[in-house]
Amino acid sequence: MHGVVNVEDLRKRAKKRLPKIAYDFIEGGTDDEVGLATNEQAFRNARIVPRDLVDVTQRDQSTTLFGRTYSSPIGIAPTGLAGLFRRGADLMLAEAAREANVPMIMSGTSTGSIEDLGRIAPDHGWYQLYSAKDQAISEDMLKRAADAGLKTLVFTVDIPEGSNRERNVRNGWARPLKLTWKTKFEALRHPAWMMEWLKHGTPMFDNWEKYAGPNATADTVADFVAQQTRAPMTWKHVERYRALWKGNLVLKGIMHPDDAIRAHALGVDGVMVSNHGGRQLDIAPSPLEVLPAIRDAVGDKMTVMFDGGIRRGMDAIVALCLGAKFCFVGRPTLYGVAAGGVPGAAMALDIFRREVDITLAQIGAPKIADLGPQFLMWKDEEDLRRNRR
Ligand SMILES: Cc1cc2nc3c(=O)[nH]c(=O)nc-3n(C[C@H](O)[C@H](O)[C@H](O)COP(=O)(O)O)c2cc1C
């Protein structure tokens, strides 16, 4: 894609290609979207202090996670309904991740199937579970993920209930997803997307189709998913999934150190510190703010990962300095795939890889293991020092 040099450029490209109703679904947070802004702002308060006179001619950003070495410390977070932004987007993301040798987490409301993920990216694909009211469904999904050869299951725990996403309300987001005249009129300015919509209609939640009864359509499956995922979710579920899933088990959406400690006690292998990209609780802290306490609480006993607000390679470096073992991005790779399919998603990953590489050189840390809190200072500390002067 000519003229794209950073993630912000990809965002603009995605915005251009998508109608407002779809773009806002990606971009939006909840309520006043304070949480969304705080996630990115948290990085603007960080300072990385460079060290000089270090030989950085040989740099290596490869990172080992659950016994597998990836080429970069930034993977693809799960994002539901990706097929609405480009048909086949879930598997395009998987393909881009495989080629870049980074993990890709298929959403529990993906528009591609577990089985296809296993075919396309068995070594890079992870599956994210949304617990179903009918536990037999969740347990069958675990079995399907294992049968497909996937080794890591991510259980998302931060959606106890739907949230107040006002952009969607204003855009007339509904189930079944029907485009109002106003939406259709606006969508005409995005003809490539409109052609796809006219050809394919509502994308199917592939993984749920088989449970929704005979002759299920994309709309009836969407109703079924909404009804099934409005289920109580407690630590009992974690215990159950731990007993059933033999691979790596990760809880996504952990924001409190005590929850991380409890997860560890139940035999969970990893946590993703995340506030769902500011899409659930608007007044929640940014994951960057809670990361150090969670890392302190569990130390090296479990794998602490991070997502939320990363838009530059140097943002990921800050999270790694604070003790995250690995980072994920949600919106940036969606921008890429929406704007340009597999090459667009690959471009997002490549931009991050390049920016991480440059940052490692600039700060005198040729490999990821060199990173740590010794590189960091904070904007507030500057203010403090100024005040003392
Ligand atoms: C459009 C969209 C859909 C998402 N769907 C899911 C999902 O199905 N499951 C999940 O665990 N997280 C979901 N998330 C949250 C992401 O996995 C991730 O936590 C978040 O996007 C990270 O923040 P970032 O977008 O600033 O990188 C979604 C995020 C977006 C933007």
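You'll find the structure just up there.
A quick note: this is a predicted structure, and the numbers were derived from the prediction, not measured.

**Student:** For this particular structure, what's the right way to read the pattern of salt bridges?
**Tutor:** Side chains that carry opposite charge are capable of pairing whenever their charged atoms lie near each other. Per the stated rule, a full pass over the model turns up 23 salt bridges. The partner of Arg167 in a salt bridge is Asp24, with the nearest N and O atoms 3.1 Å apart. With a gap of 143 residues between them, Arg167 in helix H7 (residues 166-170) and Asp24 in helix H2 (residues 20-27) connect regions that are remote in the sequence. Overall, the relative accessible area of 25% leaves Arg167 in the partly exposed class. Between Lys210 and Asp140 there is a salt bridge, with its nearest N and O atoms 2.7 Å apart. One end of the pair, Lys210, is in the loop between helix H9 (191-200) and helix H10 (218-229); the other, Asp140, is in helix H6 (residues 135-147), and 70 residues separate them in sequence. For Lys210, a relative accessible area of 56% translates into the label exposed. Where salt bridges share partners, they join Lys20, Asp24, Glu33 and Arg167 into one cluster.

**Student:** What's the story with the packing of aromatic side chains in this structure? I'm lost.
**Tutor:** Any two aromatic rings considered together are summarised by their centre-to-centre distance and by the angle between their planes. Evaluated as defined, the whole model comprises nine aromatic pairs. Ring geometry for Tyr70 versus Phe326: centroids 5.8 Å apart, planes at 65°, classification edge-to-face. In this pair, Tyr70 sits in strand E3 (residues 68-70) while Phe326 sits in strand E11 (residues 326-329), placing the two residues 256 residues apart along the sequence. The pair formed by Tyr70 and Phe326 is uniform in burial state, with each residue classed as buried. One aromatic cluster is present, formed by Phe66, Tyr70, Trp126, Phe326 and Phe328 through successive ring pairs.

**Student:** Any chance you could explain the environment of Arg354 here in plain terms?
**Tutor:** Within the secondary structure, Arg354 sits in helix H15 (residues 331-363). The sequence separation of Arg354 and Gln61 amounts to 293 residues, and the corresponding C-alpha distance is 10 Å.

**Student:** What am I meant to see in the site of the ligand here?
**Tutor:** In the region of the ligand, 25 residues are neighbours, and Pro78, Ser107, Tyr130, Thr156 and Asp307 sit closest. A distance of 2.8 Å separates a nitrogen atom of the ligand from a polar side-chain atom of Gln128. Interatomic distance of 2.7 Å between a side-chain N/O atom of Asp307 and an oxygen atom of the ligand. The fraction of the free accessible surface of the ligand (600 Å²) that becomes covered by protein chains is 98%. Among the elements of the structure, H2 and H15 are those that each provide at least two residues to the shell around the ligand. If one sorts the elements of the shell around the ligand by residue count, H15 sits on top with three residues. Looking at the shell around the ligand residue by residue, the class counts come to eight nonpolar, twelve polar and five charged.

**Student:** Mind showing me how you'd approach unusual backbone geometry here?
**Tutor:** Apart from glycine, the bulk of residues carry a negative phi angle, and the bulk of peptide bonds sit in the trans form. The omega angle of the peptide bond from Arg175 to Pro176 is -5°, so this bond is cis rather than trans. Within the chain, Leu81 stands out as a residue other than glycine whose phi angle is a positive 60°. You can call Leu81 buried: its relative accessible area is 11%. Of note, His276 is a non-glycine position whose phi angle comes to about 60°, a positive value. Locating His276 in the fold gives a position in the loop between strand E9 (270-273) and helix H13 (287-298). Residue class for His276 comes out buried when judged on its relative accessible area of 12%.

Conventions used here
- Residues numbered from 1 in each chain as written.
- Predicted model: local features only at pLDDT ≥ 70, side-chain atom pairs only at ≥ 80, totals over all residues.
- Heavy atoms only, no water.
- Salt bridge = Lys/Arg side-chain N within 4 Å of Asp/Glu carboxyl O.
- Helix = DSSP H or I, 4+ residues; strand = E, 2+ residues; numbered from the N terminus.
- Buried < 20%, exposed > 50% of the residue type's maximum accessible area, 1.4 Å probe, protein only.
- Phe/Tyr/Trp six-rings, centres within 6.5 Å; stacked < 30°, edge-to-face > 60°.
- Near = heavy atom within 4 Å.
- Polar contact = N/O pair within 3.5 Å; in protein donor to acceptor, adjacent residues only side chain to side chain.
- Areas by Shrake-Rupley, 256 points an atom, 1.4 Å probe, with all protein chains shown as cover.
- Nonpolar A, V, L, I, M, F, W, Y, C, P; charged D, E, K, R; others polar.

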